[in-house]
Protein chains: 4
Amino acid sequence: MNKIKNVKLSSKGKLSYEWAKDHMRILVETIDKLRKNKPLEGITLGFCLHITKETSVLLMGAKELGAKIAACGANPLTTQDDIAAFLASNGINIYAWKNQTNKDYNYCIERVLDYKPDILTDDGADMNIKAHFSNKYNLLKIMGSTEETTAGVNRLKAISNKGKLRYPVIAVNNAYTKHMFDNKYGTGQSTIDGYLRSMNLLFASKYVVIVGYGWVGKGVSMRCRGMGSKVIVTEVNALRGLEAHMDGFDVMPMSKASKIGDIFITCTGMINVINEKHLLNMKNGAVVGNVGHFDVEIDTKFLLKNSKSVQEIRPNLSSCTMNNKKIYLIGRGRVANLVAAEGHPPEVMAQSFSNQILSILYILKHHKNMKKIVYNVPAEIDNQIATSALRAMDVKIDALTPEQKNYINNWNP
Amino acid sequence: MNKIKNVKLSSKGKLSYEWAKDHMRILVETIDKLRKNKPLEGITLGFCLHITKETSVLLMGAKELGAKIAACGANPLTTQDDIAAFLASNGINIYAWKNQTNKDYNYCIERVLDYKPDILTDDGADMNIKAHFSNKYNLLKIMGSTEETTAGVNRLKAISNKGKLRYPVIAVNNAYTKHMFDNKYGTGQSTIDGYLRSMNLLFASKYVVIVGYGWVGKGVSMRCRGMGSKVIVTEVNALRGLEAHMDGFDVMPMSKASKIGDIFITCTGMINVINEKHLLNMKNGAVVGNVGHFDVEIDTKFLLKNSKSVQEIRPNLSSCTMNNKKIYLIGRGRVANLVAAEGHPPEVMAQSFSNQILSILYILKHHKNMKKIVYNVPAEIDNQIATSALRAMDVKIDALTPEQKNYINNWNP
Amino acid sequence: MNKIKNVKLSSKGKLSYEWAKDHMRILVETIDKLRKNKPLEGITLGFCLHITKETSVLLMGAKELGAKIAACGANPLTTQDDIAAFLASNGINIYAWKNQTNKDYNYCIERVLDYKPDILTDDGADMNIKAHFSNKYNLLKIMGSTEETTAGVNRLKAISNKGKLRYPVIAVNNAYTKHMFDNKYGTGQSTIDGYLRSMNLLFASKYVVIVGYGWVGKGVSMRCRGMGSKVIVTEVNALRGLEAHMDGFDVMPMSKASKIGDIFITCTGMINVINEKHLLNMKNGAVVGNVGHFDVEIDTKFLLKNSKSVQEIRPNLSSCTMNNKKIYLIGRGRVANLVAAEGHPPEVMAQSFSNQILSILYILKHHKNMKKIVYNVPAEIDNQIATSALRAMDVKIDALTPEQKNYINNWNP
Amino acid sequence: MNKIKNVKLSSKGKLSYEWAKDHMRILVETIDKLRKNKPLEGITLGFCLHITKETSVLLMGAKELGAKIAACGANPLTTQDDIAAFLASNGINIYAWKNQTNKDYNYCIERVLDYKPDILTDDGADMNIKAHFSNKYNLLKIMGSTEETTAGVNRLKAISNKGKLRYPVIAVNNAYTKHMFDNKYGTGQSTIDGYLRSMNLLFASKYVVIVGYGWVGKGVSMRCRGMGSKVIVTEVNALRGLEAHMDGFDVMPMSKASKIGDIFITCTGMINVINEKHLLNMKNGAVVGNVGHFDVEIDTKFLLKNSKSVQEIRPNLSSCTMNNKKIYLIGRGRVANLVAAEGHPPEVMAQSFSNQILSILYILKHHKNMKKIVYNVPAEIDNQIATSALRAMDVKIDALTPEQKNYINNWNP
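Conventions we followed
Residues numbered from 1 in each chain as written. Chains lettered and ligands numbered in written order. Predicted model: local features only at pLDDT ≥ 70, side-chain atom pairs only at ≥ 80, totals over all residues. Heavy atoms only, no water. Contact = heavy atoms within 4.5 Å. Buried area = accessible area lost by both parts, 1.4 Å probe. Salt bridge = Lys/Arg side-chain N within 4 Å of Asp/Glu carboxyl O. Polar contact = N/O pair within 3.5 Å; in protein donor to acceptor, adjacent residues only side chain to side chain. Nonpolar A, V, L, I, M, F, W, Y, C, P; charged D, E, K, R; others polar. Helix = DSSP H or I, 4+ residues; strand = E, 2+ residues; numbered from the N terminus. Expected span 1.5 Å × (residues − 1). Buried < 20%, exposed > 50% of the residue type's maximum accessible area, 1.4 Å probe, protein only. Least-squares fit on C-alpha atoms with pLDDT ≥ 70 in both. Axes fitted to C-alpha atoms, helices over the stretch in contact; angles between N-to-C directions. Parallel < 35°, antiparallel > 145°, perpendicular 65-115°, else oblique. Left-handed = near helix turned anticlockwise from the far one by under 90°.

Draft legend 1. A look at the interface of chain C and chain B. Counting residues at the interface gives 11 residues for chain C, matched by 11 residues for chain B. Both sides together, the interface formed by chain C and chain B hides about 960 Å², and carbon and sulfur atoms give 51% of it. Ranking the residues of chain C by area buried against chain B places Lys-230, Met-246 and Asp-250 of chain C at the top, with a combined share of 43%. Put simply, chain C and chain B have 0 salt bridges between them. Remark: the boundary between chain C and chain B carries 6 residue pairs in polar contact (both at pLDDT 80 or more). Taken together, the residues of the side of chain C that touches chain B sort by class into 5 nonpolar, 4 polar and 2 charged.

Draft legend 2. Focus on helix α7 (residues 150-161) of chain A. For α7 of chain A, which comprises 12 residues, the first-to-last C-alpha distance of 16 Å matches the rise-based estimate of 16 Å (1.5 Å per residue) to within 8%. Within the sequence span of α7 of chain A, burial applies to Ala-151, Gly-152, Val-153, Arg-155, Leu-156, Ala-158, Ile-159 and Ser-160 of chain A. Those residues of α7 of chain A that are buried lie in contact with α6 (126-133), β5 (144-147), β6 (169-171) and β15 (374-376) of chain A together with α17 (402-408) of chain C. Directly beyond the C-terminal end of α7 of chain A, a positive phi value near 75 degrees is found at Gly-163 of chain A.

Draft legend 3. Quick peek at the relation of the copies chain D and chain B. After a rotation of 180 degrees and a shift along the axis of 0.0 Å, chain D superposes on chain B with an RMSD of 0.0 Å. Here the copies are linked by what is in effect a two-fold axis. Interface residue correspondence from chain D to chain B reaches 100%, placing this contact among same-surface, isologous pairings.

Draft legend 4. Focus on the pattern of salt bridges. Within this structure, the stated rule accounts for 92 salt bridges over all chains. Between Asp-82 of chain A and Lys-12 of chain A there is a salt bridge whose closest N-O contact spans 3.4 Å. Placement of the pair is Asp-82 of chain A in helix α4 (residues 81-88) and Lys-12 of chain A in helix α1 (residues 10-22), with a sequence separation of 70 residues. Where Asp-262 of chain A meets Lys-283 of chain A, a salt bridge forms, and the shortest distance between an N and an O atom there is 3.0 Å. In this pair, Asp-262 of chain A sits in the loop between α11 (254-260) and β10 (263-266) while Lys-283 of chain A sits in the loop between α12 (276-281) and β11 (287-290), placing the two residues 21 residues apart along the sequence. Among the charged side chains, a network of salt bridges with common partners joins Lys-53, Glu-54, Asp-193, Arg-197 and Glu-342 of chain A together with Arg-314 of chain B.

Draft legend 5. Main features of helix α9 (residues 215-226) of chain D. All names here are of chain D. With 12 residues, α9 should reach 16 Å at 1.5 Å per residue; the first-to-last C-alpha distance of 17 Å fits that figure. Burial of α9 is extensive: 9 of the 12 residues sit out of reach of the surface. Every buried residue of α9 is listed here: Val-216, Gly-217, Lys-218, Gly-219, Val-220, Ser-221, Arg-223, Cys-224 and Gly-226. Of the residues trailing α9, Gly-228 is marked for its positive phi of about 95 degrees.

Draft legend 6. Quick look at the packing of helix α16 (residues 379-392) of chain A against helix α10 (residues 238-246) of chain C. Contact geometry for α16 of chain A and α10 of chain C: axes closest at 8 Å, N-to-C directions at 45 degrees. When the axis of α16 of chain A is compared with that of α10 of chain C, the two are oblique. The handedness of the crossing between α16 of chain A and α10 of chain C is left-handed. The residues of α10 of chain C that touch α16 of chain A, namely those facing Asp-382, Asn-383, Ala-386, Thr-387, Ala-389 and Leu-390 of chain A, are Ala-238, Leu-239, Gly-241 and Leu-242 of chain C. Residues of the contact of α16 of chain A with α10 of chain C, tallied by class, amount to 6 nonpolar, 3 polar and 1 charged.

Draft legend 7. Inspection of the interface of chain D and chain B at higher detail. Contact residues are listed per partner, giving 60 residues for chain D and 60 residues for chain B. Note on chain D versus chain B: buried area summed over both sides is about 5,300 Å², and carbon and sulfur give 68% of it. The interface formed by chain D and chain B contains 0 salt bridges. Our count for the chain D to chain B interface comes out at 12 residue pairs in polar contact (both at pLDDT 80 or more). Broken down by element, the residue count for the side of chain D that touches chain B peaks at 7 residues, all from helix α10 (residues 238-246) of chain D. Along the lines of polarity and charge, the residues of the side of chain D that touches chain B split into 34 nonpolar, 14 polar and 12 charged.

Draft legend 8. Layout of the packing of helix α3 (residues 53-64) of chain C against helix α4 (residues 81-88) of chain C. Residues and elements named next belong to chain C. α4 packs onto α3 with a crossing angle of 15 degrees between their chain directions and a minimal axis gap of 9 Å. Of the possible angle classes, the one that applies to α3 and α4 is roughly parallel. Regarding α3 and α4, the two cross each other, and that crossing is right-handed. In contact with Lys-53, Ser-56, Leu-59 and Met-60 of α3, α4 contributes Ile-83, Phe-86 and Leu-87.

Interpretation in functional terms is not warranted from these geometric data alone.
As structure tokens, then:
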């Protein structure tokens, strides 16, 4: 069963799937090694992920391991309709299309839960929230869940802190091979991509304000500098603020940065980091966008309500006229690298999704002995993926010699 | 009169024109200062330029100065149809649409020459070649021409060296405020844009081979490094090869680089810099594209003829299967930053086109005293544009004090 | 009591002390806040640290807090004699001079232990090893120790793993405000300094091989790239190897890198990472040095024994002729940034030493409740130092609003 | 004949000479090719250059080509006394020692002119000024001169503009293989070296103000950014100001930059670019230095006269107390990369000095047909050196194919 935009897009989606698969060697090899034993036979998996060409490689792979699969999108605006069509044509139960209403979006999550999945894979935790607090689904028997994002992990930890988590969760986001690569290098590149496509303005010489210097903010700052921008960082955490300062970026409060910036990029997972006052401070022509999971980082409600006119002057770019100034908003404040571009490149998602598939198998095997808390990805999975990734990229490294191994355990140099 | 795709796209084109104009302050101010005197009244201008949103600001500006204008595209694939529609609706005689045949392309150039332009503005010199060597047009009385690109300047110099140039030409490309900014920062950014849109692969960690270390190659190398790539440069000029080496790039012959590269970007203006042998050397999965003016830099004829299959798997990306390897070709070897993206951002083109308008006025005023050779842009125009550009960007610099001015002319420190 | 080179150097040392103090505002403010209560009154502290101008600010500060102090150097070659003289003239019991024999070096450590210190502060763990395994000192009653380096922490953990640690140790090295800043930015800069002074060769265009991509290796790689070098990284850890690869460095085994490199920098804390075979592989003229704590990373024994001639051709640079090739060795393989330059700049050490003083006070207060294991620096100390550091550098950051604080604990965005 | 500090330093100087020679392959090969014919037999050369290890390779080479040589230093503070001793012991007539008075300095230049040199090689033009305007030497018969620096070329052009140049001058500085490499990469690195040795402060996170964005300023800006600094550029030229802005640096007037900077580096060749007002603007603790040829760029007279105390607190670093603030001055405002460090590394000087030797030979051969003006280095010399440099560094590049050569002269792609 499925609900998608147009099944005729399937052949176009197949090309995209193959293109992505060709560039996700780590994931493909991981699946290949497991295929023979069909370790997911008899298991139903429920996915709430951005439906992109990379995700299709994960879903098809999980299917090859024997699972029954139901999937929906993780955001109303990010589904690639040709991919959804391809998946529908290949036996995936999928409920997703681009440009959904919030009602549509929730409807699709519920359809996935109707399949009574044994294990959930979530991106932002919306599916897990429903599996906890909706009367219809909060009694489903679920072995566990994995979570892809910082934002989702934070929400699930809040639930766990109140003692209300119903099953174990593995924070795939916290794997080194996930957050280092996906959050830093992935978002770093795809943010440039999303901004270029939506605004097509020059990065060089401009003041770019990066809000937040976590893994995403670090990656975006690095790439904006690489494009020739003058990068300003704002932070609420002293350690990260100090790090940004030492990395040679200008660190200042948003009350000041908001008056200087030409381009703004929010990377925090936090609410209203660009608020009413900041928006009023901005220069005429400022470009504002968000690459965090939820569309809460910019107070777009204030902006849209108080603008005399709002006009989409380019795809995914709204010109908002407020106080005789124009503020340009990317993708209505939704995750710009997915809404205005295609998300992370496949090489990056190969690592994230290898973490997903191995964490799903870990839950399947160990869920009876796991507590109802949020776990990090086991170190051996992380290391195994790093080793596979190097091999997939034909990079060779050294190994410790016996003499050196011995030296580690010795206090006499 | 005009020949375009669809006049209904005009309102969409108007939005793009306004967006570009808002970001081309230098050009707008240059036009504003001259507008009152209508210095181009009674003059017909013939333009052969990429028909983009930025070009529309130049053409509308020239019209406001009193000129009658005829224009065509500078490449069969780069016209933005909405812009062409907007220009047609605003009194510009325009002959341009996206995806032309070569015959269409030549047809359009001839239509422009039919207007008997007094001054030509060319991008690649195709219009000038016709005005020299076509029986129908080689007797037109032309005051002079300006030329936008390195490739075009080289062709016109070849004509001049044979003593066959019919009128003076100003090499706008050679202005510091043109080549430094347009070729380096403009192409630097728009190349990243074109490659991201067409291939959506990770730049970080990849070997990117930049063919040529002129202004374009320098800009592209800098940006690829900024995206985290390992950059390899090939050159035929010892001074530039040495400079690339000192800039920290790996410099090697193409026979070696062709075996290492993951991504190739030609920036030379030269024929067959990626030839048959190099294509055969390449790794499975290599991505090949060109950002030079003409589609001669890669031997695409060989590649397309010898591939068992050629399939467009993504917009502007052809998968060519040759010897059991896939080579991916961007935009069939045509200028990738225009074909697969939107060309340079408006802030950059504002400088290039300010050089154009001031050079056109210079020819109008001085053509009787100019020789039939290729001139550089006069230094005072270059300086004036730099000064305007700084003002437009709110950047202030110092001025020499009288004491310092005196010091220059003095040999006693 | 003291044993130093020449007390007459004291006035020169005083100038250096003041210069450093002027640039260690965080440490000075930390001391200033505590001074009134003399929290270290009645306590004897034993320090085994590199005796540099920065260390003198720590020792004088600890004295101002009421402690009795005995100190020796942490390396036979790194003592700044003028600083030792200044400290001796100011009531510090100090046993240190430049260019010691190993016997001298051990003699000095023992003299410090003779003072029966309550708390030790160590750099590399040599003093702690003696306090554990020397018959003369292994019964001293010691509250605890702090340790400055990765190398020392590893040795102490090896002892702890065998269950033989006699008192709690705080791994100052593991504080974010220590390793991030000292190991990365501090060693990053001081390595460039040490190599420039000893070899005075061009970094730009050269292949620099960085052995190890931990915090030190990351910092050194970043700076060598900043100097225009082509950086090659070798690693034994897949996660770090992958990170170096994604950061755009060439990653390869040492067997290959040893044939390519012009300059080698070991940053591992591991034995023989440049071994006999690697030395034989090297190109004529290769420069080899180490910035890890111990002089074990390069097999200098092999190099010096097998060289036909060894000549110190510049301060701290030995030319070793082996197999008709010259290999240049910096500071005989000892920590080059301290031996050939002055170690980290004072701004960096201010953070490390603030961690030291606050950790010493923590041990004093809590040692009775601490286990005999290696502890990380408490998070509140780390945060406090980051906050002080930002204030000292006049950098302001934002704070979470009540709305935002609430959002953290909430799973409904 | 000679006048130096101490001939006993000769054996130390020999080691330095050999170290430099080993790293100046281009120059050595250039000399080797010419040696057999002794092209300088019977010729007397007068050199006014910084007497460094690199210069000794040039002087010894010129001697091997048959010349009689007299030499003096180009600055009272930059002579390396061991090198002077080595040269004196090897038949060079040399008049140079470190820490001269101005009278000493002039005395030495005159001793060189007493040898009646046929050709002069100058660095800053002091020797040429004397050969023009001193009664004792302005009738010497001189074939021509070469000049190493921007500052010297400017002075000689000022003389030429007044029609007073007595013989042809070749501006070695203007060779691409000189200014690109010496001014940009050479000064870029040696400035970092000089500042590190004199101040030993952290570059990362600091505001560094670079005064002037010519070749030297570009190189220094690039390296300071590479060290993690926040770079601010000041300029008087709009084109260069615009370039710095597009390169991502903050561009502003000195009246503003002087209040923000932590570290100042003058790179202009101009007088009083840091003047009285700027010095009064500076923050407590600012470090000020110059890497231009003459010590006129900072108004040190004002600073030293108005400071309550001036104390040399570290080698080449004076602490000046003015208005209760400390301003730290490097090397009393003299060229910091030579005074506080060793000047450019040998690989860079090999290119500059190859230009010198080939330009000297050019003057010898062509002086009768040359006008009394300032010439650029002939393009064939520049290309020849670039080609040699690549070969010396084992870098291979491509060559144009016949098809490609033909394409250049053809206007039909």
